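# Structure at a glance
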Amino acid sequence: MANTAHLMRRQSSRDLYAQRSVDRMEMKELRGRLVTMENGHPSHRTHVMYGATNEAFEDTSPNRRSSETPTSKASSAEERAGIKPEGGEGERESWDSKLTFLLATVGYAVGLGNVWRFPYLAQKNGGGAFLIPYFVMLAIEGIPIFYLELAIGQRLRKGAIGVWHQVSPYLGGIGISSAVVSFNVALYYNSIIAWCLFYFAQSFQAELPWSECPKKYFSNGSYTTEPECAISSPTQYFWYRTTLQISEDINHPQTFNYKIALALVIAWILVYMCMIKGIASSGKVVYVTATFPYIVLVIFFFRGITLKGMSDGLIHLFTPKWHTILDPVVWLEAGTQIFFSLGLAFGGLIAFSSYNPVDNNCYRDAIMVSMTNCLTSMFAGIVVFSIIGFKATMVYEKCLGVRNETLLDIFGPGYKSMVFPEPGQMVTVDINGNLTKLLMPHLPECDLQKELDNTASGTGLAFIIFTEAINQFPGAQFWSVLFFLMLFTLGIDSQFGTLEGVVTSIVDMKLLPNLRKEYLTGGLCLICCILSMGFAHGSGSYIFLLFDMYSGNFPLLIIAFFECVGIAYVYGVKRFADDIELMTGTRPGIYWLICWKYLSPLAMLSILISSFAELAMEGSGYEAWIPSEGDTVKKPWPIWAVLLVVVLILASVLWIPGLAICRYFGYPIIEDEERAWFPAEELRDFHGIEPRPVSATETLLFCTRPDGSERCCWPGCCETDDDE
């Protein structure tokens, strides 16, 4: 009976809270309507909202009360829209629908790495067995940090700099570091888009220019096949010599590549056009850029499963090699792939979520987008390896044809029953009844598994191996247009998502308060366009590789580590969980709190230390193209390149300790004292959330006091903390 009475009191309390919430919201809406009637015309201030009023954003969580009155249910979105920010916060941009936000986030997270890095890593690191470390790292690293960034951006309503400054003035450097890394990555990432545009334009020729080797003509009118192409392949020659106009090393850029420079200019203009109106323009663009890659992947999937050798490619990809699970390098590469394929720590996710309404279900978004990203990687792997299986089978059968033709010419039809000695040895054969001694020739080695293993990652997969496979298709021009248009759309929405993190941070910090956002975006794109000309010469691809390897990897891992530390040990996991409960109506489970406080920081730290250890043991270098050999040779980075790497890393991460030190000594770098408006009481009433006692589990795991505050509970600090 006591339990029944307690339940009734609790239910009555919730009904009272709900009624108070409705009354308060109706009064605020009425007050807003009265203010708007100025000179007989409604004021635009009526429509200033915190978030979006689109019906797609309406909360459908189970915690929403079903016993609301018809009036409150019908106008709930309008009532919340009528809540005005306290403290005079200005109007903030918002997504026009939930679908737009989801497409933008999916487009940002799903990028080129899903298509040209995951399949390579899977077949390299154990095939189907690689999926175990992949999904484990997704669970303890990928989704928790993705969820964290969406939630903190939605809660504090600012870009990365403003968010981390509000978490703690000593942590504002995290946001600056994210903006610097985003700028560096956006700077070189557009080179990929430029290369895709160049190949896309070349795909409209009657014969694909990388399908055959070009001819070298002499003064007497005769010609021969270009020697460099003859010893390599048409696709390699077109990539290295025609597209990149590559030099033999990074120190001697031979020519300026005007074709790629023009493609870069076009790429930056397209990025600016997508971002010119902020999320108002990019939100419309994502309906194309986020969906088109899936359309093309489905088309390539149905094409791929009809090809000869498709099954060999898929068996090679998914056959598990269980011993690889014990290899720590496999876990390192799984964690690294998860981290970068989701676009964590760039600040783009924080910027995107800051435009959401205050009660958006960020937990559902995090799960949905993360799983979409990973399933896209697996689907892309199936598409890529069905086509690679076809390409390997064609090469293997062509090799067998050449081998059998050579043997038939030398030994006649009887070669099929012969046992051949080593190349260069004498062999006695019966030719037309006469015993004849012949020298055993060198035969081409035909090995299907070796061809399947010959899979590159990154640009090598897209611009060499995949184009070579497309050459074998009937109507190769059509497939080439589709493929490079898909790569372009995959790249450009990730690009403006990355750049949006920089723009939003600058706008929110009011660094250039009198400059309109479209001018700021244009100026940023212009600066990036000028700087990106450093990738448009003979050594440009080597500098691109240097940026790709070092400008993002280490800094982003460090930033993500400090993000987890900032939320778990400065902001507080209980406080963060309380905020999420207010926004979504559902409290995060204990698993997510453990990830934020322990598992995710440990995963970041482990990947970071392992990466540094691997770099120290194996060294680093770049693959330089040697024309005389028609192949690449690994060369060490010169001293100036190593110094550039150090500058890129330090310029990104030194903001974190540097800003904290300046703040400690009374020299604030960031002056953003305007707190984020958050209608805690209204949300608490709306969701019917009541104060809850601190559980024994929270006290044990997170050192939470009975009053809800958190303390240090490690040995040696309990006594000091309690005394205080």
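The structure presented is a predicted model; accordingly, all values stated were derived computationally and were not measured.

Right, let's get into the overall build of the protein chain. Within the protein chain one finds 30 helices and six strands. Sorting the 724 residues of the protein chain into buried and exposed places 53% on the buried side. Excluding contacts between residues fewer than 6 apart, the proportion of contacts in the protein chain whose partners are at least 24 apart in sequence is 80%. When the accessible area of the protein chain is evaluated, it comes to approximately 32,300 Å², of which 63% is carbon and sulfur surface.

Our next topic: the confidence of the model for the protein chain. Predicted confidence across the protein chain gives a mean pLDDT of 82, with 82% of residues reaching 70 or more. Ranking the elements of the protein chain by mean pLDDT puts helix H2 (residues 70-74) last with 38 and helix H7 (residues 131-156) first with 95. Under a pLDDT of 50 for its full length, residues 1-90 has, in the predicted model, 102 contacts with residues more than four places off or in other chains. When the criterion is pLDDT under 50, residues 713-724 qualifies, and its contacts beyond four places in sequence or with other chains add up to ten contacts.

In this section: the pattern of salt bridges. Taken as a whole and assessed by the stated rule, the structure comprises 14 salt bridges. Measuring nitrogen to oxygen at the nearest pair gives 2.6 Å for the salt bridge that ties Asp578 to Arg587. The class of Asp578 is partly exposed, set by a relative accessible area of 24%. On the basis of relative accessibility, which here comes to 18%, the residue Arg587 falls in the buried class. With a closest N to O distance of 2.9 Å, Glu681 and Arg684 form a salt bridge. Of this pair, Glu681 and Arg684 both sit in helix H28 (residues 680-687), separated by three residues, roughly a single helical turn. Classification of Arg684 as partly exposed rests on a relative accessible area of 26%. If you follow the salt bridges from partner to partner, you end up with Lys574, Asp578, Glu581, Arg587, Arg692 and Glu698 in one network.

It is at 5 Å that the axes of helix H23 (residues 540-550) and helix H24 (residues 553-584) come closest, and there the two elements cross at 20°. The angle between H23 and H24 places the two elements in the roughly parallel class. Between H23, through Asp548, Met549 and Tyr550, and H24, the contact on the second element is made entirely by Asn553, Phe554 and Pro555. Considered class by class, the residues forming the contact of H23 with H24 number four nonpolar, one polar and one charged.

Here Arg157, not a glycine, exhibits a phi torsion of approximately 60°, which is positive. Position of Arg157 relative to the elements: it lies in the loop between H7 and helix H8 (160-167).

Moving on: the state of the cysteines. All chains considered together, the criterion is met by two disulfides. Across the disulfide from Cys213 sits Cys229; the S-S distance is 2.0 Å. In this structure the cystine formed by Cys213 and Cys229 twists about its S-S bond by roughly -80°; its chirality is therefore left-handed. Pair noted here: Cys213 is in the loop between helix H9 (172-202) and strand S1 (215-217) and Cys229 is in helix H10 (residues 227-230), with a separation of 16 residues, a long-range link. Across the disulfide from Cys399 sits Cys446; the S-S distance is 2.0 Å. Judged by the sign of its S-S torsion, about -85°, the cystine formed by Cys399 and Cys446 is left-handed. With Cys399 in helix H18 (residues 362-411) and Cys446 in the loop between strand S4 (434-439) and helix H19 (448-453), this pair connects stretches of sequence that are 47 residues apart. This pair shows no difference in class: Cys399 is buried, exactly as Cys446 is. The thiol of Cys564 is not disulfide-bonded; the next cysteine sulfur, from Cys595, is found 9.2 Å away.

Scoring rules and cut-offs
Residues numbered from 1 in each chain as written. Predicted model: local features only at pLDDT ≥ 70, side-chain atom pairs only at ≥ 80, totals over all residues. Heavy atoms only, no water. Helix = DSSP H or I, 4+ residues; strand = E, 2+ residues; numbered from the N terminus. Buried < 20%, exposed > 50% of the residue type's maximum accessible area, 1.4 Å probe, protein only. Contact = heavy atoms within 4.5 Å. Areas by Shrake-Rupley, 256 points an atom, 1.4 Å probe, with all protein chains shown as cover. pLDDT = per-residue confidence, 0-100. Salt bridge = Lys/Arg side-chain N within 4 Å of Asp/Glu carboxyl O. Axes fitted to C-alpha atoms, helices over the stretch in contact; angles between N-to-C directions. Parallel < 35°, antiparallel > 145°, perpendicular 65-115°, else oblique. Nonpolar A, V, L, I, M, F, W, Y, C, P; charged D, E, K, R; others polar. Disulfide = S-S within 2.5 Å.

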